[in-house]
Amino acid sequence: MSRSVADRLSLVNGDRLAVNRERFLTAEPVEPNQVRDTILASWWRSRSWKVAADRINLSYVRDPDLDTPLTRTAMPVLRQLRESLEGQPISVILTDANGVVLTRLAADHDLDRHLDSVKLAPGFSYAEEFVGTNGIGTALEIGRPAHVFGHEHYAEKLEDLACAGVPIHHPISGKTVGAVDLTCWRRDADPLLIALARTTADQITKALFAAGSAPELELLQEYLRACRHAGGMVVALNNDMVMMNEHARQTLDPGDQVVLLGHAADALAGRDDPGTVVIEMPSGTRARLLCRPVRGPGRQGGVVQVKLIDQAETRAADFHTQPSSRMFLPGLVGSGALWLRACHQVDAAYQAGEWLALAGEQGVGKLAVLRATLQRRNPAGVFRVLDAADATDHSWQADVRKELLEGDGGLVIRHVEQLNARRTHAIAAAMQEAQALDRQRALWVAVTLTEGRDSVHLTRLMRFFPRTVALPPLRHHIEDLHDLVPFFLGKLSQPGRLTCSLTAMQLLLRSTWPGNTEQLWQVLRRVVQQRRVGVIQPADLPPECWTVSRRLLSPLESMERDAIVEALLDSAGNKLKAAKSLGMSRATIYRKVREYGILTPRS
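Rules behind the numbers
Residues numbered from 1 in each chain as written. Predicted model: local features only at pLDDT ≥ 70, side-chain atom pairs only at ≥ 80, totals over all residues. Heavy atoms only, no water. Helix = DSSP H or I, 4+ residues; strand = E, 2+ residues; numbered from the N terminus. Contact = heavy atoms within 4.5 Å. Pairing = 2+ DSSP bridges. Axes fitted to C-alpha atoms, helices over the stretch in contact; angles between N-to-C directions. Buried < 20%, exposed > 50% of the residue type's maximum accessible area, 1.4 Å probe, protein only. Expected span 1.5 Å × (residues − 1). Disulfide = S-S within 2.5 Å. Salt bridge = Lys/Arg side-chain N within 4 Å of Asp/Glu carboxyl O.

Take Thr 200: it is sitting in helix 7 (residues 192-229). Apart from residues lying up to four places away in sequence, Thr 200 is in contact with Val 77, Leu 78, Leu 81 and Val 180.

This brings us to the sheet that holds strand 7 (residues 242-244). Sheet architecture is open: 5 strands sit in the order 7-6-10-9-8, paired in antiparallel fashion. The two strands at the open ends of the sheet, each matched to only one other strand, are strand 7 and strand 8 (275-280). Across the sheet, the mean angle from the axis of one strand to that of its neighbour is 20 degrees, orientation sign disregarded. Sheet topology places strand 6 (residues 233-237) next to strand 7; 3 bridges connect them, and they run antiparallel. Residue Ala 236 lies in a different strand from strand 7, and its bridge partner there is Met 243.

Below, the discussion takes up the environment of Lys 491. Following the sequence through the fold, Lys 491 ends up in helix 15 (residues 481-492). Owing to a relative accessible area of 29%, Lys 491 belongs among the partly exposed residues under this scheme. Sequence separation of Lys 491 and Arg 525 is 34 residues, and the distance between their C-alpha atoms is 9.7 Å.

Between its first and last C-alpha atoms helix 17 (residues 516-530) spans 22 Å; for 15 residues at 1.5 Å apiece the expected length is 21 Å, and the two agree. Helix 17 sits mainly inside the fold: 13 of its 15 residues count as buried.

Glancing now at the state of the cysteines. By the definition in use, this model includes 0 disulfides. Cysteine Cys 184 shares no disulfide, and the gap to the nearest cysteine sulfur, in Cys 163, comes to 8.6 Å. A disulfide-free cysteine, Cys 500 has its sulfur positioned 9.5 Å from the sulfur of Cys 545, the nearest such atom.

All right, on to the pattern of salt bridges then. Counted under the stated rule, the structure contains 25 salt bridges. The closest approach of N and O atoms between Arg 23 and Glu 28, which form a salt bridge, is 3.8 Å. Using a relative accessible area of 40% as the deciding quantity, one classes Glu 28 as partly exposed. Two residues, Arg 591 and Glu 141, come together in a salt bridge whose shortest N-O distance is 3.6 Å. Of this pair, Arg 591 sits in helix 20 (residues 586-596) while Glu 141 sits in helix 6 (residues 135-142); the two residues are 450 residues apart in sequence, bridging distant segments of the chain. Connected via shared salt-bridge partners are Glu 129, Glu 141 and Arg 591.

As structure tokens, this is what we get:
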């Protein structure tokens, strides 16, 4: 196709797009298949934020901070790109995570003058909520590359431009730290613009990793080590990132979390060996913080183990209680078809003398089912649990071999997917030796696997387990909440003194429970800390129960979600009042409510 023919077709398509944009702005139906889905969705967001389409009236946000890890690592990459584009009317732009322009490398005089006129300049924010559909704001809003050409822009003063924006993510935390954008005249737009922006963002991400990854990796390793070995609540933080394990996030209220992080940061910044700090949190709970610094160049931070004072540390690892009419296995309730089928399969494997592999997501109750099966069939039998997460020295391996050759009753090896190749082969050899001695008669062996974490080293080991049974996640037998909730409440408080209202139960049934039964236990545990008698109402449930979870949130995202839910509850569902109390705009709270799937409380 000749260039002139392509230009004519582009002009026709642009005219159609302009017509459909005008139709959208005047609340008329848009013609089907004439506007890209990404652009149309952005137009709808722009309308909900009441962005002006006929003008760009931005206020200066702040002086750009050019002495940050992002700018220090990005500038050499951007300068090299600008040099390679010498003579091309393409402006190279870097923004922070809020869309505030940090720097703009000159293109040509006419383009620079136009960009100044629309305030696409350092110190101004091109977030979608202020400017509408554009390469920078839309890319940051959807979290992936976005290219916007001509009439696809929501603001008509941007119609002569084409831009391609790509978010920049921190290489360790995954957090969005900024965006890179390439902007040119619409007439000069090239499909390769977005590819060039992607490549530039990738180069900046690699530069960030090379410049600052070592301290973050060291902190991450120390945090994971503390989570594996210390147990309980664990927090890690430095200047740029915060990590909080599920136990801490479920146990501590959002307000307590904020205060705890502040005290931890102060303690870690103050001394080389801060040791133990005792704090009192807004809820009245007192906690002991064991702080261990993890230093890095220009960074202060460390790992903090949290222990609540004067409170029992109760877990529901085995859900052990008195039998009820709905119990097939002792201490376990549930009548859902998938749940009962899995329990029957485990019981059948024990009766057949078959060693068993039990798979399932975290928190579904794998260990509880195995313990209950042994209790049902061999109440006097010894139940030994060895966790592959603890396989850090030869003594663990020796313990496994000793149990296989000398033990009786039941042996469970948890998290076998975490074994490395050498240990996996050693355990497989011990199992082969045990079966050669006909040990299946005296010892029932089971291994647990976490779904989604398969290991290539397990092939030889799995030969000793004739079958694998999968325990269903709680969302696949959600009807069992009608049994589980009163059952857990009876364990957490005096039986019969605390019940769950129908409206609160409806909220619980709407959750997807990514943490499964263990998450339900922790939620009810938090409820009982506040209410020990009477009827649980929706307002008694923690913030996570007011959301329909679409994905696993980071600790900081969870804290933000919880703060928004608390504000909405305090304002009887009035988003404007909630936004004011949180110091955020109405547009931001509407966006966050959609993003986190928050169910707006009603008065």
